[in-house]
Amino acid sequence: MKKDNIILMGFMGVGKGTVARALAKHSSRFAVDTDDLIESLQNRRIKTIFAKEGEEYFRNLEQECANWIEKSVSNSIISVGGGFFKRPNFKNLGTIVYLQSSFDGIIHRIKSAPNAKNKLKKRPLLQDLKEAKKLFKLRVPSYEAVADIVIDVENKKTDDIVKEILKKIK
Ligand code: S3P
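Residues numbered from 1 in each chain as written. Predicted model: local features only at pLDDT ≥ 70, side-chain atom pairs only at ≥ 80, totals over all residues. Heavy atoms only, no water.

Peer 1: An account of the pattern of salt bridges is requested, with residue identities and associated values reported.
Peer 2: In this structure the tally under the stated criterion is 9 salt bridges. The salt bridge involving Glu62 is made with Arg59; its shortest N-O contact spans 2.9 Å. Here Arg59 and Glu62 lie together in helix 4 (residues 55-72), a separation of 3 residues that amounts to about one turn. We classify Glu62 as buried; its relative accessible area is 1%. Asp160 is the partner of Lys163 in a salt bridge, and the nearest nitrogen-oxygen pair spans 4.0 Å. Of the two residues, Lys163 and Asp160 are both situated in helix 8 (residues 158-169); the distance of 3 residues between them amounts to about one turn of the helix. Salt bridges sharing common partners tie together Lys2, Lys91 and Asp148. (Salt bridge = Lys/Arg side-chain N within 4 Å of Asp/Glu carboxyl O. Helix = DSSP H or I, 4+ residues; strand = E, 2+ residues; numbered from the N terminus. Buried < 20%, exposed > 50% of the residue type's maximum accessible area, 1.4 Å probe, protein only.)

Peer 1: Summarise unusual backbone geometry; cite the residues concerned and give the values.
Peer 2: One non-glycine residue, Asn43, adopts positive backbone phi at about 55 degrees. Among the secondary structure elements, Asn43 is positioned in the loop between helix 2 (34-42) and helix 3 (46-53). When its relative accessible area of 70% is taken as the criterion, Asn43 is described as exposed. If you check the backbone angles, Asn75 has positive phi at about 55 degrees while not being a glycine. Within the secondary structure, Asn75 is located in the loop between helix 4 and strand 3 (77-79).

So, in structure tokens, the structure goes:
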């Protein structure tokens, strides 16, 4: 059965964390991020986990995180890493809101951020933009399939995105 969480899903750098924080301000819910949870559990950066342990190890941590959310988290806003949708129990975790943008729109968003360098550096799967574009194309159909709500976020202000989500979620 689906839980009462709001799950923000989408490709790396689309703005899930930013939208989650803004959404939390407009509701009585708390916002958490699965990458942040994993980093604090492990006391090291995602980048280091990928480099030292490999991607499969990271995916297992995501699974632990998904299991914890399913068992223990409700009435929350949860932004998830771009590959989190692959967890088999993902659909149960809440209403899945897909933040949709073109690949170029995402790269533009990242590169325009004041901390652009760090935003790129911290994401192991964004180091080679050609490979990242392939991954994007591969994932879009899966994002669409798993989404309960789709929000086009390209060139939109965070506040407008939040308004749209709140309108659609009722
Ligand atoms: C990943 C996305 C990242 C992070 C990890 C893997 C992915 O999160 O979980 O680097 O597979 O798309 P963001 O989507 O928050 O960048």
